[in-house]
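The lines below spell out each chain.
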Amino acid sequence: MALEEQCSAPPRWRFISLTHVEFPEDDLTGHVLAYITLLPIAIIVGFVTLIVFKRELHTISFFGGLLLNEGVNWLLKHILREPRPCAGAHTTVSTEYGMPSSHSQLIWFFVVYFFLFLYLRMHQTNNARCLDLLWRHILSVILLGLALSVSYSRVYLLYHTWSQVFYGGVAGSTIGVIWFFFTQEVLTPIFPKIASWPISEYFLVRDTSLIPNILWFEYTVTRSEARNRQRKLGTKLQ
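So, here's what we can say about the structure. Keep in mind the model is a prediction, meaning the values are calculated, not measured.

1. Considering the environment of P40
Part 1: Locating P40 in the fold gives a position in helix α3 (residues 39–54).
Part 2: Distance in space between the C-alpha atoms of P40 and W108 is 9.8 Å, their sequence separation being 68 residues.
Part 3: In contact with P40, not counting residues within four places along its chain, are H103, L106 and V150.

2. Points about the pattern of salt bridges
Part 1: Evaluation of the coordinates by the stated rule reveals 1 salt bridge.
Part 2: Here E225 makes a salt bridge to R229, at a shortest N to O gap of 2.8 Å. Separated by 4 residues within a single helix, E225 and R229 lie in helix α10 (residues 214–237), roughly one turn from each other.
Part 3: For E225, a relative accessible area of 38% corresponds to the partly exposed category.
Part 4: R229 gets classed as exposed once you look at its relative accessible area, which sits at 57%.

3. Considering the environment of F117
Part 1: Relative to the helices and strands, F117 resides in helix α5 (residues 102–125).
Part 2: For the pair F117 and F180, spaced 63 residues apart in sequence, the C-alpha to C-alpha distance is 7.8 Å.
Part 3: Ignoring anything within four residues of it in the chain, the contact list for F117 reads H58, M122 and F180.

4. Regarding the packing of α3 against helix α4 (residues 57–80)
Part 1: For the pair α3 and α4, interaxial distance at closest approach is 10 Å and the crossing angle is 150 degrees. The pairing of α3 with α4 is recorded here as roughly antiparallel in orientation. Crossing handedness for the pair α3 and α4: left-handed. Contacts from I43, I44, F47, V48, L50 and I51 of α3 reach α4 at T59, I60, F62, F63 and L66.
Part 2: Residues that form the contact of α3 with α4 fall into these classes: 10 nonpolar, 1 polar and no charged.

5. Some details on the packing of aromatic side chains
Part 1: Enumeration over the complete set of coordinates arrives at 16 aromatic pairs.
Part 2: With 5.5 Å between their ring centres and 50 degrees between their planes, F110 and F114 make a pair best called tilted. Here the residue F110 and the residue F114 both occupy positions in helix α5, the gap between them amounting to 4 residues, near one helical turn.
Part 3: With a relative accessible area of 12%, F110 lands in the buried category.
Part 4: Aromatic rings pair up to connect F47, F62, F63, F109, F110, Y113, F114, F117, F180 and F181 into one cluster.
Part 5: The ring centre of Y159 lies 4.4 Å from the NZ or CZ of R154, which sits over that ring.

Definitions and limits used
The written sequence of each chain sets the order in which its residues are numbered from 1. Under the rules for a predicted model, residues below a pLDDT of 70 receive no local features and side-chain atom pairs below 80 are neither given nor counted, while totals for whole chains, interfaces and linings still include all residues. Calculated side-chain values reflect all of the structure's heavy atoms, with hydrogen atoms and water omitted. Secondary structure is summarised from DSSP: a helix means a run of H or I of at least four residues, a strand means a run of E of at least two, and numbering begins at the N terminus for each. Contacts: residue pairs with any heavy atoms within 4.5 Å of one another. Definition used for salt bridges: Asp or Glu carboxyl oxygen within 4 Å of a side-chain nitrogen of Lys or Arg. Think of it in three bands: with a 1.4 Å probe and only protein chains considered, a residue is buried below 20% of the maximum accessible area for its type, exposed above 50%, and partly exposed in between. Axes here refer to lines fitted to C-alpha atoms; in helices the fit is confined to the stretch in contact. Angles between the N-to-C directions go from 0 to 180 degrees. Any angle that is under 35 degrees is reported as roughly parallel, and any over 145 degrees as roughly antiparallel; angles of 65 to 115 degrees are reported as roughly perpendicular and all others as oblique. The crossing is said to be left-handed when, going from far helix to near helix, the turn is anticlockwise and less than a right angle, and right-handed when the turn is clockwise. Under the grouping applied here, Gly and all other residues not named as nonpolar or charged are polar, the nonpolar ones being Ala, Val, Leu, Ile, Met, Phe, Trp, Tyr, Cys and Pro and the charged ones Asp, Glu, Lys and Arg. Only centres within 6.5 Å qualify two rings of Phe, Tyr or Trp (six-membered ring in Trp) as a pair; their planes then separate them into stacked at under 30 degrees, edge-to-face at over 60, and tilted for everything else. Here, a charge over a ring means that NZ of Lys or CZ of Arg falls within 6 Å of the ring centre while also lying within 35 degrees of the ring normal.

Purely geometric numbers; function is a separate question.
What follows is the structure in structure tokens.
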């Protein structure tokens, strides 16, 4: 009933520059949610940046699952063909179909995959110290809050119905679980072979799946190399 009332008296819409995400004019909550709803785009940009600068196989695999998830969403939308709420309320959407929500499906794929990575893969390779567990729990709560916020924003801004967001979340979560175990059981064992391919060596693609804490590893290696070079430089200047 509330949705019918909103559609019968639609608000005036404004959009965020360069993104064409619309929000009700003079609505501060809508303005904030319009930025939150852009989070899936930020995730994609982040993945591309990581792949360009890190070139790590697990990151590439994670991104591949994200693209597969988007392909499944496109297929489901064109099979189900369920329209968005308040048809014509938004003129900047890429497709008229709303079932399931692609934003919801993407963010829940990302969050569920990340949950499994934190608590299963990292648990296998790291000592579960109190501090390690604490930051994992904190990060998990933050990610869950972001996923719920993105899902709510799609309904608040009248891009989707609750059912479209819900089933998008179910689809994304399911694909996230399947892709995580596929990566762990099928892809990870062959990462060393892929990393040794000539084309991988040419593009500096690497496999870090056997390194427990890549951040600490990179920090210690970089610090050690910097000290060695500083020592050599100091020797030459003497």
